[in-house]
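Coordinate analysis (summary)
The chain contents come next:
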Amino acid sequence: MAYYRRNSSADRMARGLGWFSIGLGVAELVAGRRIARWMGMEEQAGLIRSYGAREVATGVGLLAMGDARPWMWGRVAGDALDLATLASAHHDGNPRRENVATALGAVAAVTALDVLCTAMLHREEATAWTPHPDYSDRSGLPRPPAAMRGAAKDAPIPADMRTPDILRFQPAAAAPL
Amino acid sequence: MKALVWHGTADIRYDTVPDPEIEQPRDAIVKVTSCAICGSDLHLYDHFMPGMEKGDIMGHEFMGEVVDVGAEAKSALKVGDRVVVPFTIWCGECDQCRRGNYSVCERSNRNKAMADKLFGHTTAGLFGYTHLTGGYAGGQAEYVRVPFADRTHVKIPDGLTDEQVLFLGDIFPTGWQAAAQCDIQPTDTLAIWGCGPVGQMTIRSAVLLGAKQVIAIDRVPERLSMAKAGGAITINFEEESVVERLNELTGGKGPEKCIDAVGMEAHATATLDSMYDRAKQALALESDRAHVLREMMYVCRPAGTLSIPGVYGGLIDKVPFGMSMNKGLTWRMGQTHVNRWTDDLLRRIQEGQIDPSFVITHTVGLADGPGMYQTFRDKQDGCIKVVLKP
Ligand SMILES: NC(=O)c1ccc[n+]([C@@H]2O[C@H](COP(=O)([O-])OP(=O)(O)OC[C@H]3O[C@@H](n4cnc5c(N)ncnc54)[C@H](O)[C@@H]3O)[C@@H](O)[C@H]2O)c1
Ligand SMILES: [Zn+2]
Ligand SMILES: [Zn+2]
């Protein structure tokens, strides 16, 4: 079974990126044409929509509670694809090339996060406590604990470690006045 | 000789250092046969405790054979004696020692001036545990100098293995004192935070001392399984609400006695439990390191006792002291007065009432010590207690 730990900081970061994936993916699906126009890439609106579908799929994968790592690798690969697509649109002939540069910067930043998160998840596995040994036979006592209860009742408890009578919990009837 | 030496945060090395020699007439030199890594060492490893210096030799849980004795220790020790050395160095003559308060001996800390300034008044000297407590070389080494050796030792009779008695120097009496100072009544529920080596010893002690119900809290599955083996009901604080479960198990009234066997590096639950939320609302945000203390103060039954073997280094933040005052809680804490308990506990080991070696999961050579620090801290490989053989 793959090792992953719910609620570690890497895990939470991965789920955060999952929500981000879904948000971005939906935006690309719904507004693919507008995004494409903004970057001077009108003829690639379909491609951007397909990228949106990809984002939604990885986002759902990340949020599906299982091992986040394959989905994070999916995100990293997707980032590379995004960067390559944007780079191809970043040329002198594109009047919107400044917008493309902005998008490139944003994707690069997200890529860095994705790589960091993936590395954290893998480091977590390296330090994982797998498999959990079973120590249920290590009682340290010669008989079952229930049979040992109170075996050391005779132990000397020094006076300075005794609870003052008034603070001692005892049957109500026996309580000191 | 070889020793484990502190070089900085998470940097402990297997170095060659000068052999120790008799410096004072009450000293002895012990050739170490077994030593252990303690949870307190982790606070130094992670550098949460101030007062370490590059070159300090680690280790305060160790035993071995006496190989040299100073003139004034000869009345109590001779070459060839097999001894466990308690981590608290005590003189046996000062006011505190005469009261049995060995961990606050007034004379064994050779950096008394520094400690007086920082703590108001000095505490005892400790092995391998910062310059605030004397800067004494520790026992994760081939040899160690034991100051005040005529007092600071437990003689071990033949017929017992190192593994059975080694923990008399620290975690066994620590768990025992943690339970004993709760003055356990047969009607008491004890809740113990932390199932590390100290927590494990505390669980067994509480059972032997006759607690009605012992509840142990941690999140590491194998530690919880060992706690259960010792007779505890377990709570995984990452999966359930500690406060809700403790209240459930005590008819809504809370445990009479609460023990912090975690200390200053406590984890707060990732899925914040309801009590934490409430305390947080009342108190605004805080650093998470006093999490266990806050949880204990909150859930403890009014007029109950908090026992704190877990080590704290300095300042804690956002402690709901009013809650504690109004509930009339008793606080018990401190480094263990090891020798106060060792005669009685040694007898119990001899009689077979308990065998503390159950807690050992890893035994390696001293050279492998540095890696084991990490394994122990990160709870890898099912690690609960490491014994090193120099
Ligand atoms: N008073 C003394 O004389 C004395 C002697 C020895 C050790 N200690 C101290 O006792 C403490 C425990 O030592 P150890 O060797 O068992 O160390 P350890 O680090 O192995 O054990 C601590 C345990 O606490 C658990 N924990 C962390 N956060 C928790 C939380 N919020 N609730 C419940 N459990 C939590 C950890 O998972 C771990 O299992 C340390 O602070 C150590 O310095 C004190
Ligand atoms: Zn210790
Ligand atoms: Zn003294």
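No experiment lies behind these values; they were computed from the predicted model shown. (Residues numbered from 1 in each chain as written. Chains lettered and ligands numbered in written order. Predicted model: local features only at pLDDT ≥ 70, side-chain atom pairs only at ≥ 80, totals over all residues. Heavy atoms only, no water.)

Another aspect to go through is the coordination of the zinc ion (ligand 3). Ideal values for angles at a metal depend on the geometry: 109.5 degrees with four tetrahedral donors, 90 or 180 degrees with six octahedral donors. Residue and element names in this part refer to chain B. With distances of 2.3 to 2.4 Å, the protein atoms coordinating the zinc ion (ligand 3) are Cys91 (SG), Cys94 (SG), Cys97 (SG) and Cys105 (SG). Here the donor residues of the zinc ion (ligand 3) are spaced in sequence according to C-x2-C-x2-C-x7-C. Here cysteine 97 falls in the buried class, since its relative accessible area comes to 4%. Here cysteine 105 falls in the buried class, since its relative accessible area comes to 0%. (Donors = N, O, S within 2.8 Å, 3.2 Å for Na, K, Ca; no water. Buried < 20%, exposed > 50% of the residue type's maximum accessible area, 1.4 Å probe, protein only.)

With that settled, consider a positive patch on the surface. Residues and elements named next belong to chain A. On the surface, Arg33, Arg34, Arg37, Arg49 and Arg96 cluster together to form a positively charged patch. With three residues, helix α1 (residues 9–38) is the single largest residue contributor to the positive patch. Mapped onto the fold, arginine 33 is located in helix α1. Accessibility expressed as a relative area gives 49% for arginine 33, which makes it partly exposed. (Patch = residues over 30% accessible without salt bridge, like charges linked within 9 Å, V, L, I, M, F, W, Y side chains within 5 Å. Areas by Shrake-Rupley, 256 points an atom, 1.4 Å probe, with all protein chains shown as cover. Salt bridge = Lys/Arg side-chain N within 4 Å of Asp/Glu carboxyl O. Lys, Arg positive; Asp, Glu negative; His and termini not counted. Charge placed at Lys NZ, Arg CZ, Asp CG, Glu CD. Helix = DSSP H or I, 4+ residues; strand = E, 2+ residues; numbered from the N terminus.)

All right, on to the coordination of the zinc ion (ligand 2) then. All names here are of chain B. Looking at the zinc ion (ligand 2), the protein donor atoms are Cys38 (SG), His60 (NE2) and Asp170 (OD), and they sit 1.8 to 2.3 Å from it. In terms of primary sequence, the donors binding the zinc ion (ligand 2) are separated according to C-x21-H-x109-D. A residue pair is termed long-range when its members are at least 10 positions apart, and histidine 60 in the loop between α1 (39–45) and β4 (62–69) and aspartate 170 in the loop between α4 (162–165) and α5 (171–180) qualify at 110 residues. The exposure class assigned to aspartate 170 is buried, which follows from its relative accessible area of 4%.

Next up on the list: the UniProt feature "transmembrane region" (unreviewed entry) in chain A. Following the UniProt record, one finds the feature "transmembrane region" (unreviewed entry) at residues 12–31 of chain A. For residues 12–31 of chain A, the end-to-end C-alpha separation is 28 Å, with 100% helix and 0% strand making up the annotated structure. (UniProt positions renumbered as here; feature names shortened; annotations may be inferred.)

Facing 56 residues of chain B, the contacting portion of chain A comprises 34 residues. For the pairing of chain B and chain A, the buried interface totals around 3700 Å² over both sides, and the portion due to carbon and sulfur atoms is 55%. Contact with chain A buries area across many residues of chain B, yet Asp183, Leu208 and Ala229 of chain B alone supply 14% of it, more than any other trio. Joining chain B to chain A, the criterion identifies four salt bridges. For the salt bridge of aspartate 154 of chain A with arginine 347 of chain B, the shortest nitrogen-to-oxygen distance reads 3.8 Å. On inspection of chain B and its partner chain A, the count reaches 18 residue pairs in polar contact (both at pLDDT 80 or more). (Contact = heavy atoms within 4.5 Å. Buried area = accessible area lost by both parts, 1.4 Å probe. Polar contact = N/O pair within 3.5 Å; in protein donor to acceptor, adjacent residues only side chain to side chain.)

Taking burial as the measure, the nine residues of helix α10 (residues 291–299) of chain B include eight buried ones, the bulk of the element. Taken as a whole, α10 of chain B has its buried residues at His291, Val292, Leu293, Arg294, Glu295, Met296, Met297 and Val299 of chain B.

Our focus in this paragraph is the pairing of strand β13 (residues 257–260) of chain B. Residues and elements named next belong to chain B. Of the two faces of β13, the one holding Lys257 and Ile259 and the one holding Cys258 and Asp260 are both buried throughout. Alignment of strand β10 (residues 189–193) against β13, held across four bridges, turns out to be parallel. Bridge pairing in β13 places leucine 190 opposite lysine 257. In terms of strand pairing, β13 meets strand β14 (residues 305–308) through three bridges, oriented parallel. What sits directly across from isoleucine 259, in β14, is serine 307. (Pairing = 2+ DSSP bridges.)

Turning our eyes to something else, we now look at the layout of surface pockets. Residue and element names in this part refer to chain B. There is about 800 Å³ of room inside the second largest pocket. Lining the second largest pocket are 32 residues, with Thr123, Tyr312, Met333, Gly334 and Gln335 sitting closest to its centre. When residues of the lining of the second largest pocket are assigned to their parent elements, the largest contribution, three residues, is made by strand β15 (residues 330–333). Class assignment of the residues belonging to the lining of the second largest pocket gives a composition of 17 nonpolar, 13 polar and two charged. Summarising the domain contributions, the lining of the second largest pocket has at least three residues from each of domain 1 (2–170 + 336–389) and domain 2 (175–333). (1 Å grid on protein atoms, 1.4 Å probe; cavity = no way out; pocket = protein on both sides within 12 Å on 5 of 7 lines; lining within 4 Å. Points joined across faces, edges and corners; volume = space filled by probe spheres on them. Nonpolar A, V, L, I, M, F, W, Y, C, P; charged D, E, K, R; others polar. Domains from an automatic or database assignment.)

Another point: the UniProt feature "domain: Alcohol dehydrogenase-like N-terminal" (unreviewed entry) in chain B. Cross-referencing UniProt, the feature "domain: Alcohol dehydrogenase-like N-terminal" (unreviewed entry) maps to residues 25–158 of chain B in the present numbering. Helix makes up 14% of residues 25–158 of chain B and strand 24%, whereas the separation of the span's terminal C-alpha atoms amounts to 28 Å.

Attention now moves to the domain arrangement of chain B. Residue and element names in this part refer to chain B. Once the domains are mapped, chain B shows domain 1 (2–170 + 336–389) and domain 2 (175–333). Taking the mean C-alpha position of each, domain 1 and domain 2 sit 27 Å from one another. Contact with domain 1, which involves 26 residues of that partner, is made by 18 residues of domain 2. The largest per-residue losses of area from domain 1 upon contact with domain 2 belong to His43, Phe358 and Ile384, which jointly make up 28% of the total buried on that side. Along the contact surface separating domain 1 from domain 2 lie zero salt bridges. Where domain 1 packs against domain 2, one counts three residue pairs in polar contact (both at pLDDT 80 or more). For the side of domain 1 that touches domain 2, the elements supplying multiple residues, two or more each, are α1 and α12 (338–350). When residues in the side of domain 1 that touches domain 2 are grouped by element, the largest group, four residues, is from α12. Split by residue class, the side of domain 1 that touches domain 2 holds 14 nonpolar, seven polar and five charged.

Let us now look at the packing of α5 of chain B against helix α6 (residues 197–208) of chain B. Residues and elements named next belong to chain B. Packing of α5 against α6 leaves a shortest axis separation of 7 Å and a crossing angle of 50 degrees. It follows that α5 is oblique to α6 by the angle criterion. Two packed elements cross with a definite hand, and for α5 against α6 that hand is right-handed. Of the residues in α6, those in contact with Ile171, Phe172, Thr174, Gly175, Trp176, Ala178 and Ala179 of α5 are Pro197, Val198, Met201, Thr202, Ser205, Ala206 and Leu208. In terms of residue class, the contact of α5 with α6 is made up of 10 nonpolar, four polar and no charged. (Axes fitted to C-alpha atoms, helices over the stretch in contact; angles between N-to-C directions. Parallel < 35°, antiparallel > 145°, perpendicular 65-115°, else oblique. Left-handed = near helix turned anticlockwise from the far one by under 90°.)

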